[in-house]
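# An overview of the molecular structure
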Amino acid sequence: MYTSEPAKYPATTDIGQANRVLVVEDEELIREMVVLALEAEGYEVLTATDGRSAIESLKCFESNSGEALFDLVVLDLMLPHINGLDICRLLRHQGNPIPILMLSAKSSETDRVLGLEVGADDYLSKPFSVRELVARCRALLRRQRLSSLPQTPVLQYKDISLYPQECRVLVRGEEVSLSPKEFRLLEVFMSYARRVWSREQLLDQVWGPDFVGDSKTVDVHIRWLREKLEQDPSHPEYIVTVRGFGYRFG
């Protein structure tokens with residue numbers, strides 16, 4: 001399993017197949033730990049131990065239509081032959097939008113900013129907890145699924161109309177003013193009507209995995225949203241509390 005050679009894998013993928021992750025890490029102990037943690041989550045994991053083999057694996061794992069068959073890359077910064085920054089630059093220069101979680105023993109703000117500026121989607125400093133790594137991978141994959149949804153000119157539910165590209169919301173025919181977080185929260189709710197969301201899931205979707213603070217901020221924003229959307233906020237019709245689980249829209 002742990003090899004620097006481009007991995008062999010079928011060139012087709014079925015609907016509902018597990019997410020496929022490429023882990024690029026030259027330290028064997030860390031690589032094995034990451035692989036085991038992601039496989040325990042149900043992901044299909046392939047590995048590379050240096051920059052050259054990572055690039056070859058990314059080239060090999062494309063379908064005949066040119067669609068990439070990896071859903072996420074966990075990429076170490078310091079690698080033999082070609083470092084993680086250069087791999088990241090190359091992928092973005094080629095227009096490859098695959099989510100990239102960069103790992104590094106360098107934890108200064110300058111290093112984190114550099115990693116993000118060259119195209120990484122998230123940055124995790126070593127040493128890290130396995131739980132945090134898995135949570136960040138889940139968040140990146142969820143964000144990727146949301147961004148790959150067909151762009152809808154308007155989201156409609158009963159008397160609420162949300163225009164994603166215009167950042168505009170109409171309630172019973174009248175425009176309401178929402179803060180960016182309120183707008184994003186409503187957009188997530190309306191994109192998945194009837195789905196129950198926990199506070200932690202909403203924090204991931206709206207505030208991002210780097211959010212540091214009290215999860216009760218979700219409750220505060222939902223209270224503000226109810227005041228702007230509901231005819232009777234104390235008896236909400238749209239954003240409903242599901243006791244013991246979280247919130248549901250509709």
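Calculation rules
- Residues numbered from 1 in each chain as written.
- Predicted model: local features only at pLDDT ≥ 70, side-chain atom pairs only at ≥ 80, totals over all residues.
- Heavy atoms only, no water.
- Helix = DSSP H or I, 4+ residues; strand = E, 2+ residues; numbered from the N terminus.
- Buried < 20%, exposed > 50% of the residue type's maximum accessible area, 1.4 Å probe, protein only.
- Contact = heavy atoms within 4.5 Å.
- Areas by Shrake-Rupley, 256 points an atom, 1.4 Å probe, with all protein chains shown as cover.
- Axes fitted to C-alpha atoms, helices over the stretch in contact; angles between N-to-C directions.
- Parallel < 35°, antiparallel > 145°, perpendicular 65-115°, else oblique.
- Pairing = 2+ DSSP bridges.
- Right-handed = clockwise from strand over helix to strand, strands pointing away.
- Salt bridge = Lys/Arg side-chain N within 4 Å of Asp/Glu carboxyl O.
- Nonpolar A, V, L, I, M, F, W, Y, C, P; charged D, E, K, R; others polar.
- Expected span 1.5 Å × (residues − 1).

This brings us to the overall build of the protein chain. Each helix and strand in the protein chain was counted, giving 8 helices and 12 strands. Across the 250 residues in the protein chain, those meeting the buried criterion constitute 44%. Across the protein chain, every contact between residues at least 6 apart in sequence was considered, and the portion connecting residues at least 24 apart equals 59%. Roughly 13,400 Å² of accessible area belongs to the protein chain as shown, and the carbon and sulfur atoms make up 50% of that amount.

At a minimum axis distance of 10 Å, the contact between helix 6 (residues 180-191) and helix 8 (residues 217-229) shows a crossing angle of 80°. Classified by the angle between their axes, helix 6 and helix 8 sit roughly perpendicular to one another. Residues Lys181, Glu182, Leu185, Leu186 and Phe189 of helix 6 form the contact with helix 8, whose own contacting residues are His221, Ile222, Trp224, Leu225, Lys228 and Leu229.

Turning to the pairing of strand 4 (residues 100-104), a few remarks are in order. Taking burial as the measure, the 5 residues of strand 4 include 5 buried ones, the bulk of the element. The side-chain alternation of strand 4 yields two buried faces, one formed by Ile100, Met102 and Ser104 and the other by Leu101 and Leu103. Inspection of the sheet shows strand 3 (residues 72-76) paired to strand 4 by 4 bridges, in the parallel sense. Bridge pairing in strand 4 links Val74 to Leu101. The parallel pair strand 3 and strand 4 is bridged by helix 3 (residues 84-93), and the resulting crossover is right-handed. Taken together, the 4 bridges between strand 4 and strand 5 (residues 122-125) define a ladder with parallel strand orientation. Residue Leu101 lies in a different strand from strand 5, and its bridge partner there is Asp122.

A few words on the pattern of salt bridges. Taken as a whole, this structure holds 16 salt bridges when the rule is applied. Among the salt bridges present, the one from Lys126 reaches Glu25, with a minimum N-O distance of 3.1 Å. Here Glu25 lies in the loop between strand 1 (20-24) and helix 1 (28-40) and Lys126 lies in the loop between strand 5 and helix 5 (130-147), a separation of 101 residues in the sequence. The exposure classification of Lys126 matches that of Glu25, with both residues buried. The salt bridge involving Glu187 is made with Arg184; its shortest N-O contact spans 3.5 Å. Here the residue Glu187 and the residue Arg184 both occupy positions in helix 6, the gap between them amounting to 3 residues, near one helical turn. Overall, Glu187 belongs to the buried group, its relative accessible area being 19%. Residue Arg184 is classed as partly exposed on the basis of its relative accessible area, which comes to 23%. Each of Glu25, Glu27, Asp76 and Lys126 takes part in one network of salt bridges that share partners.

The N-to-C vectors of helix 7 (residues 199-207) and helix 8 enclose an angle of 75°; their axes lie 10 Å apart at closest approach. By the angle between their axes, helix 7 is roughly perpendicular relative to helix 8. Within the contact between the two elements, helix 7 uses Arg199, Leu202, Leu203 and Trp207 and helix 8 uses Thr217, Val218, Asp219, His221 and Ile222. Considered class by class, the residues forming the contact of helix 7 with helix 8 number 5 nonpolar, 2 polar and 2 charged.

This part covers helix 8. Since there are 3.6 residues in each turn of an α-helix, residues three or four apart along the chain are aligned in direction. With 13 residues, helix 8 should cover 18 Å at 1.5 Å per step; its first-to-last C-alpha distance of 18 Å lies within 8% of that length. Burial in helix 8 covers these residues: Thr217, Val218, Asp219, His221, Ile222, Leu225, Arg226 and Leu229. Looking at the packing, one finds that the buried side of helix 8 touches strand 7 (160-163), strand 8 (168-171), helix 6, helix 7, strand 11 (239-242) and strand 12 (246-249).

Before going further, it helps to examine the sheet that holds strand 6 (residues 155-157). The strand order across the open sheet built from 4 strands is 6-7-8-9, with neighbouring strands paired in antiparallel fashion. Two strands close off the open sheet at either side, each with one partner strand: strand 6 and strand 9 (174-176). Along the sheet, successive strands turn relative to each other by an average axial angle of 25°, direction set aside. Packing against the sheet, helix 6 makes contact with strand 6, strand 7 and strand 8, and its axis sits at approximately 110° to strand 7.

Function cannot be read off these values alone, since they describe shape.
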